[in-house]
Amino acid sequence: MDKVLELEKLKQEMADNNNLPLASNLVFGEGNPDCEALFIGEAPGLVEDEQKRPFVGRSGQLLRKSIRELSWKEEDVYITNIVKRRPPENRDPLPEEIEMYKPYLARQIKIINPKVIVPLGRFSMNYFLPNAKITRDQGKLFKTGSWFVAPMFHPAAALRAPTIMQEFQNNFKNLPLMIKKINEIGSINN
Ligand code: URA
């Protein structure tokens with residue numbers, strides 16, 4: 001089946017599942033299902049809930065600007081979250097909420113099959129790398145199961161602290177090089 005159709009089907013399945021926690025709007029994700037880079041945040045905030053789009057608030061502006069500064073188009077990547085509804089008062093997602101949303105993220109990733117997954121912040125990083133520490137491991141490239149994973153600081157953290165902003169920007173600039181490296185590894189293995 002076509003990827004767009006498969007994602008539509010998955011989105012509908014989520015919308016129909018009354019057992020999923022959190023009562024706000026479903027923010028499924030958006031972008032090109034044939035992308036090389038898949039960005040995964042934590043959970044939607046207020047603006048994301050209102051617009052039903054991921055990363056469209058303040059931290060989203062930083063993420064989207066950083067993508068454009070690579071001379072990539074926002075429409076060429078895919079952007080989503082691990083938890084796809086807004087937790088009240090923008091609190092951190094609870095472990096049981098992450099558990100309930102995780103199977104959908106796993107299926108979404110499998111459909112998209114990106115070259116590199118970029119978890120933004122510790123919640124989505126720990127989904128792939130349970131023992132990783134964001135301050136130690138952001139900016140590095142990992143292989144876990146079938147996926148190459150390059151965790152980065154969450155843009156909201158970058159907006160809070162100039163030193164984190166510096167790291168975030170430096171590591172973000174490295175993404176095209178990481179993809180080149182992944183392609184080289186792929187051609188050696190084939
Ligand atoms: N923070 C996130 O983690 N995701 C969003 O979509 C917006 C803000």
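Cut-offs used in this document
Counting from 1, residues in each chain are numbered in the order their sequence is written. Note on the predicted model: pLDDT of at least 70 is required for a residue's local features to be given, and 80 or more for side-chain atom pairs to be given and counted; whole-chain, interface and lining totals, by contrast, use all residues. Side-chain metrics in this entry use all non-hydrogen atoms of the structure; hydrogen atoms and water are not considered. Each helix is a run of H or I in the DSSP string that is no shorter than four residues. Each strand is a run of E no shorter than two, and both are numbered from the N terminus. All radius of gyration figures rest on C-alpha atoms, and the globule criterion is 2.2 Å times the number of residues raised to 0.38. The contact definition used throughout considers only heavy atoms, calling two residues in contact when any of these lie within 4.5 Å. Note on areas: Shrake-Rupley with a 1.4 Å probe; residue coverage comes only from the protein chains shown. When charges are counted, neither His nor the chain ends are considered; positive counts come from Lys and Arg and negative counts from Asp and Glu. Where a charge lies is defined by one atom per residue type, namely NZ (Lys), CZ (Arg), CG (Asp) and CD (Glu). Within this document, salt bridges are pairs made up of a side-chain nitrogen of Lys or Arg and a carboxyl oxygen of Asp or Glu, the two lying within 4 Å of each other. When accessible area is computed with a 1.4 Å probe and restricted to protein chains, residues below 20% of their type maximum are described as buried, those above 50% as exposed, and intermediate ones as partly exposed. To be near a molecule or strand, a residue needs just one of its heavy atoms within 4 Å of it. In protein, a polar contact requires one atom able to donate a hydrogen and another able to accept it; more generally it is a pair of N or O atoms within 3.5 Å, and residues adjacent in sequence count only if both atoms are side-chain atoms. Definitions used throughout: a 1 Å grid over protein atoms alone; a cavity as a set of points that fits a 1.4 Å probe which cannot get out; a pocket as an open set with protein on both sides within 12 Å along at least five of seven lines; a lining residue as one with an atom within 4 Å of a point. Cavities and pockets are treated as containing a molecule whenever more than half of the molecule's atoms lie within 2 Å of their grid points. Ten residue types, Ala, Val, Leu, Ile, Met, Phe, Trp, Tyr, Cys and Pro, are classed as nonpolar, four, Asp, Glu, Lys and Arg, as charged, and the remainder, Gly among them, as polar. Geometry of aromatic contacts follows a simple scheme: Phe, Tyr and Trp rings, the Trp one being its six-membered ring, pair when their centres are within 6.5 Å, and the pair is stacked under 30 degrees between planes, edge-to-face over 60, tilted otherwise. Over a ring means this: the NZ of a Lys or the CZ of an Arg is within 6 Å of the ring centre and within 35 degrees of the ring normal.

*Asks:* Just give me the short version of the overall build of the protein, but keep the residues and values in it.
*Replies:* For the protein, the helix and strand inventory stands at 9 helices and 6 strands. Relative to the 2.2 N^0.38 estimate, which gives 16 Å for 190 residues, the radius of gyration of the protein is 16 Å and therefore close to what a compact globule would have. Dimensions of the protein along its principal axes, counting C-alpha atoms only, are 45 × 45 × 30 Å. Across the protein, every contact between residues at least 6 apart in sequence was considered, and the portion connecting residues at least 24 apart equals 71%. Of the roughly 9,900 Å² that the protein leaves accessible, carbon and sulfur atoms contribute 49%. For the protein, the separation between the mean place of its 27 positive charges and that of its 24 negative charges on side chains is 4 Å.

*Asks:* Describe the pattern of salt bridges, naming the residues involved and giving the relevant values.
*Replies:* Going through the model one piece at a time under the given rule, you end up with 13 salt bridges. Among the salt bridges present, the one from Glu30 reaches Arg64, with a minimum N-O distance of 2.8 Å. Residue Glu30 is located in strand E1 (residues 30–31), and its partner Arg64 is located in helix H3 (residues 58–69); the two are separated by 34 residues in the primary sequence. With a relative accessible area of 23%, Glu30 lands in the partly exposed category. In this structure, the salt-bridge partner of Lys65 is Glu69, at a minimum N-O distance of 3.6 Å. Here Lys65 pairs with Glu69, and both are found in helix H3, just 4 residues apart, close to one helical turn. With relative accessibility at 36%, the residue Lys65 sits in the partly exposed group. Put simply, Glu30, Arg53, Arg64, Arg68 and Glu74 are held in one network by salt bridges that share partners.

*Asks:* So what's going on with the site of the ligand? Which residues, and what values?
*Replies:* Taken together, the neighbourhood of the ligand is formed by Gly41, Glu42, Ala43, Pro44, Glu48, Pro54, Phe55, Ser59, Asn81 and His154. In this structure, a nitrogen atom belonging to the ligand sits 2.7 Å away from a side-chain N or O atom of Asn81. Coverage of the ligand by the protein amounts to 92% of the 230 Å² it exposes when considered alone. A majority-of-atoms criterion places the ligand in the largest pocket. The class makeup of the residues in the shell around the ligand is 4 nonpolar, 4 polar and 2 charged.

*Asks:* Lay out the packing of aromatic side chains in plain terms, naming residues and giving numbers.
*Replies:* This model, assessed by the stated rule, comprises 3 aromatic pairs. Their ring planes at 10° and their centres at 5.6 Å tell us that Phe39 and Phe172 sit as a pair that is stacked. Taken as a pair, Phe39 in strand E2 (residues 37–41) and Phe172 in helix H8 (residues 162–173) lie far apart in primary sequence, 133 residues in all. Neither Phe39 nor Phe172 differs from the other in exposure class; each is buried. Geometrically, the ring pair formed by Tyr127 and Phe128 is edge-to-face, given 4.7 Å between the ring centres and 85° between the ring planes. Residue class for Tyr127 comes out partly exposed when judged on its relative accessible area of 25%. A connected cluster of aromatic rings, assembled from ring pairs, spans Phe39, Phe168 and Phe172. Lys143 extends its terminal NZ or CZ atom over the ring of Phe148, reaching a point 5.1 Å from the ring centre.

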